[in-house]
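Descriptive structure summary
What follows is the residue order along each chain.
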Amino acid sequence: MADTVLDVRNLQVKFKTDEKEVLAVDGISFQVKRGQTLGIVGESGSGKSVTSLAVMGLVSTPGKITQGEIYFKAKADGAQPKDLLKLNQEQKRRFRGGKISMIFQEPMSSLNPVYTIGFQLIEAILQHQDISKGEARRQAIARLQEVRLIPSDEELKQEYEQENPDRVAATDRAISQYLNQRKQEMLKRYPHELSGGQLQRVMIAMAIACDPEILIADEPSTALDVTVQAEILDLLRGLRDQRGMSMIFITHDLGVIAEIADSVAVMYQGKIVESGDVWQIFSHPQHPYTKGLLACRPTLEKHLKYLPTVADFMEEVTTDEGKVEIREKYPTIDENGAKIQRDNLAIADASASPLLAVKNLRVGFPVSNVFGKTKRYIMAVNDVSFEVYKGETLGLVGESGCGKSTLARTLLRLIEPMGGKVIFDNKDITHLKGKRLRQMRQKMQIVFQNPFSSLDPRMKIGDAVMEPLVIHKWGDNAKARRDRAAYLFDRVGLKPDWMNRYPHEFSGGQRQRVCIARALALEPKFIICDESVSALDVSVQAQVLNLLKELQSELKDELNLTYIFISHDLSVVKFMSDRIMVMNKGKIEEIDDAQSIYREPKTEYTRQLIASIPTGSLDRIQQQQAGRGLIPWSDISELSDGNKPSAKLQYQLFAMVQGDWQVAKGLLSQVKRINQGHSEDWYWQKVIRDLERDRR
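In this text the structure is predicted, and so the values were computed from the model without any measurement.

1. Overview of the overall build of the chain
- Counting secondary structure elements, the chain contains 26 helices and 22 strands.
- For the chain, with 696 residues in total, the buried portion stands at 51%.
- Long-range pairs, those at least 24 residues apart, make up 69% of the contacts in the chain between residues at least 6 apart in sequence.
- Here the chain has roughly 33,300 Å² of accessible surface; of this, 46% comes from carbon and sulfur atoms.

Okay, here's the thing in structure tokens:
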């Protein structure tokens, strides 16, 4: 346990309800090395977050830790490991925040909306340190600068000089006053005045305020745009390396794990089904669940028709003894990982009439002055023009605030435009009202991001699907409407017998299927999917994406469905779309077919979106790990400088031989005896290929 900061042994957590006892964490064991990151990955309900709460001592009733040990070893010389489960409440409180800190998934619900961020950050510092309020304020500012929420003093001085170019020589007092004013401005802001990424930076600043030795990050980037997510991951990597801090990073997305983790533990139904070095997990996954998680995320390189899902790789079978076993399945996939190659979907030629034509559309939101009069407009959609053809999927991608959702709602006339035209099915619908507008909406539907907030919790899901049928007087009687709802349930992969259940009885993916069924109820021609998979696990996301494509293909003769698919994730949009439109600050950056947008982006903004996507590729893992300083090359006395592999192969080889350089040297000698006349890297690549072959 010399370099181990956290050692979890045989941890078990149970939740007791009136009906049954749920084993949320089932006898798991893992270690966290000092200065390294352990990634814990799995779907919702796998036990990831409960594990982190157990480490923090935050498992609340009806949950209970029923067995196990959690040893923490402080950095101090001579410190003995302490079992955190044996500490009293006061001792646990001192450890929380002081030695082990945590960042939660949703920062808005973690911060008190009635207090400023400065007050909350200073309060956290005073809770763990015996210092004055003035010193706590100074530390709070320093932490906000460390997480790049407040610019550094040098950057603030440069801003002062740019804002005051006429001042030849500013006094130190004037500069100091400016710096202090800028810093205090951030401390005085309330949570609702900050973006999601800024709020997450506040939470990180609060977590590192007392210099913890372990930082637990529970889905810290899930709700963020890919560009903001990339910034947060980069920030966490930098803080970890600068502070020598260990980290437990929890997520459902293996692509994110590849960006930050050194080792990985894959959880399924409360158990760790596979663990190892990040390179091993990604290059040679052993468990079928891990293989399914890796396969189900859309990639930019492959052009697929349908995504593989976890169910393609494994099934649960009940044995004669009543035990549930996981059995591996071997899906028929080609070398590119595609079950079925994407069809060359025909996009209507220029002579065909578009189903939807948008011309110079403008939508603004008024900003009022102190007297309540409109001072100016913030243009959310600014002179946007495009066309969508029958049977086509147009992807709409951009960061939060770029105008995607405002555009979608304006197309459905949920928001009134300031100018421009919306022509649907050769009819100008820009100024429709009353009965004609309601009739038009039968043919235009929308699927929102959060399925739980889209469904009335007091209404049975069958009634929710039948509601639009009732409103628009579809069918002759209630039986016809119920038969229609049953048909729709079957089409979206739900059992008609479930129609009498309530939304809370379903998972997130199942609830989204209900929303899709409701959108299909009136046989629309056009559906807008507004971030409809953003809140779902990657495996559930794959199922919903496949469903949308299957409906478009199978109902081609019946409905010839046309989609606008909105997301901030370009890899998801590329999988779904025939063409992609990129939006930024209310305007179209570029629009082209999906492959061209990825291969040859025309604008810097699109290139930035593509670069921010966590790919989970082996090259990316190698790039991230190469500079970590984790490979003890100085200890390789067996290999001379001339025999060492190049930087490109170092990490891969280190992971393959598990640091056993005697093995590496022996394999190198064998390869050189059999093959002569090659470069040193050629020999090392041959060693790696042989190791990979043997592991299979």
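From this point, the discussion proceeds with the structure in view.
2. Looking at the nonpolar core
- With 116 residues, the main nonpolar core has Ile-204, Leu-236, Phe-249, Ile-516, Leu-520, Leu-551 and Phe-565 as its most contacted residues.
- Element by element, the count of residues in this core is highest for helix 19 (residues 538–554), at 8 residues.
- The contacts of Ile-516, once residues within four sequence positions are left out, are Val-447, Val-492, Val-544, Leu-547, Leu-548 and Leu-551.

3. Remarks on helix 16 (residues 461–471)
- Among all positions of helix 16, only Ile-461, Gly-462, Ala-464, Val-465, Met-466, Pro-468 and Leu-469 are buried.
- In the core, the buried residues of helix 16 are packed alongside helix 17 (478–491) and helix 18 (508–520).
- One or two steps after helix 16, the chain reaches Lys-473, where phi turns positive at roughly 55 degrees.

4. Comments concerning the pairing of strand 16 (residues 419–424)
- As paired elements, strand 13 (residues 356–368) and strand 16 share 5 bridges and run antiparallel to each other. Residue Arg-362 lies in a different strand from strand 16, and its bridge partner there is Gly-419.
- Looking at chain direction, strand 16 and strand 17 (residues 427–428) are connected through 2 bridges and run antiparallel. Residue Phe-424 lies in a different strand from strand 17, and its bridge partner there is Lys-427.
- Taken together, strand 16 and the strand that follows it, strand 17, pair antiparallel across an intervening segment of 2 residues, in which Asp-425 is found at a positive phi of about 55 degrees.

5. Details of the packing of helix 8 (residues 196–208) against helix 9 (residues 226–243)
- One way to put it is that helix 8 packs onto helix 9 with a least axis distance of 10 Å and a crossing angle of 15 degrees. On the basis of their axis angle, the class for helix 8 and helix 9 is roughly parallel. Considering the relative orientation of helix 8 and helix 9, their crossing is right-handed. Note on element contacts: helix 9 touches helix 8 through Val-228, Glu-231, Ile-232, Leu-235, Leu-236, Leu-239 and Arg-243, opposite Gly-197, Gln-200, Arg-201, Ile-204 and Ile-208.
- Tallied by class, residues from the contact of helix 8 with helix 9 come to 7 nonpolar, 2 polar and 3 charged.

6. Things to note about the pairing of strand 20 (residues 562–567)
- In terms of residue burial, strand 20 counts as a mostly covered element, since 6 of its 6 residues are buried.
- Residue alternation in strand 20 divides its side chains into two sets, Thr-562, Ile-564 and Ile-566 and Tyr-563, Phe-565 and Ser-567, and both sets are buried.
- Here strand 15 (residues 393–397) pairs with strand 20 via 5 bridges, running parallel. The residue bridging Val-397 from the neighbouring strand is Ser-567, located in strand 20.

7. Topic: the sheet that holds strand 9 (residues 263–268)
- Taken together, the 6 strands give an open sheet; going across it, the order is 6-7-8-3-9-10, and neighbouring strands pair in mixed fashion. Looking at which strands have only one partner, the edges of the open sheet turn out to be strand 6 (100–103) and strand 10 (271–277). Going from strand to strand, the sheet's axes swing by 15 degrees on average, the running direction of each strand aside.
- As judged from the 5 bridges shared by strand 7 (residues 214–218) and strand 8 (residues 246–251), these two strands associate in the parallel manner. Its bridge partner being in strand 8, Ile-216 is matched across the sheet by Ile-248.

8. As for helix 22 (residues 604–612)
- By the burial criterion, the buried members of helix 22 are Tyr-605, Thr-606, Leu-609, Ile-610 and Ser-612. Projected down its long axis, helix 22 carries its buried residues within an arc of 165 degrees, all on one side. Of the exposed residues in helix 22, the ones pointing more than 90 degrees away from its buried face are Glu-604 and Ala-611.
- Buried positions along helix 22 lie against helix 9, strand 15, helix 20 (570–576), strand 21 (579–584), strand 22 (587–593) and helix 21 (594–599).

9. Overview of a nonpolar patch on the surface
- Residues Val-114, Tyr-115 and Phe-119 make up a contiguous nonpolar surface patch of roughly 290 Å² in combined accessible area.
- Given a relative accessible area of 57%, Val-114 falls into the exposed group.

10. A few points about the confidence of the model for the chain
- Model confidence for the chain is summarised by a mean pLDDT of 84, while 88% of its residues fall at 70 or above.
- Looking over the chain, one finds the lowest element-wise mean pLDDT in helix 24 (residues 647–657), namely 59, and the highest in strand 3 (residues 37–41), namely 95.
- Counting interchain partners and residues more than four positions distant, the pLDDT-below-50 stretch residues 334–350 has 35 contacts.

11. Description of the packing of aromatic side chains
- Counting across every chain of the model gives 5 aromatic pairs.
- Between Phe-72 and Phe-95, the ring centres sit 5.5 Å apart and the planes meet at 90 degrees, which makes this aromatic pair edge-to-face. Of this pair, Phe-72 sits in strand 4 (residues 63–72) while Phe-95 sits in helix 2 (residues 89–98), placing them 23 residues apart in sequence.
- With relative accessibility at 2%, the residue Phe-72 sits in the buried group.
- With centroids separated by 4.6 Å and ring planes inclined at 45 degrees, the aromatic side chains of Tyr-268 and Tyr-289 adopt a geometry described as tilted. With a gap of 21 residues between them, Tyr-268 in strand 9 and Tyr-289 in helix 12 (residues 288–295) connect regions that are remote in the sequence. In this structure, Tyr-268 and Tyr-289 share a single accessibility class: buried.

Scoring rules and cut-offs
- Residues numbered from 1 in each chain as written.
- Predicted model: local features only at pLDDT ≥ 70, side-chain atom pairs only at ≥ 80, totals over all residues.
- Heavy atoms only, no water.
- Helix = DSSP H or I, 4+ residues; strand = E, 2+ residues; numbered from the N terminus.
- Buried < 20%, exposed > 50% of the residue type's maximum accessible area, 1.4 Å probe, protein only.
- Contact = heavy atoms within 4.5 Å.
- Areas by Shrake-Rupley, 256 points an atom, 1.4 Å probe, with all protein chains shown as cover.
- Core = buried A, V, L, I, M, F, W, Y, C linked by side-chain atoms within 4.5 Å.
- Pairing = 2+ DSSP bridges.
- Axes fitted to C-alpha atoms, helices over the stretch in contact; angles between N-to-C directions.
- Parallel < 35°, antiparallel > 145°, perpendicular 65-115°, else oblique.
- Left-handed = near helix turned anticlockwise from the far one by under 90°.
- Nonpolar A, V, L, I, M, F, W, Y, C, P; charged D, E, K, R; others polar.
- Arc of directions from axis to C-beta.
- Patch = residues over 30% accessible without salt bridge, like charges linked within 9 Å, V, L, I, M, F, W, Y side chains within 5 Å.
- Salt bridge = Lys/Arg side-chain N within 4 Å of Asp/Glu carboxyl O.
- pLDDT = per-residue confidence, 0-100.
- Phe/Tyr/Trp six-rings, centres within 6.5 Å; stacked < 30°, edge-to-face > 60°.

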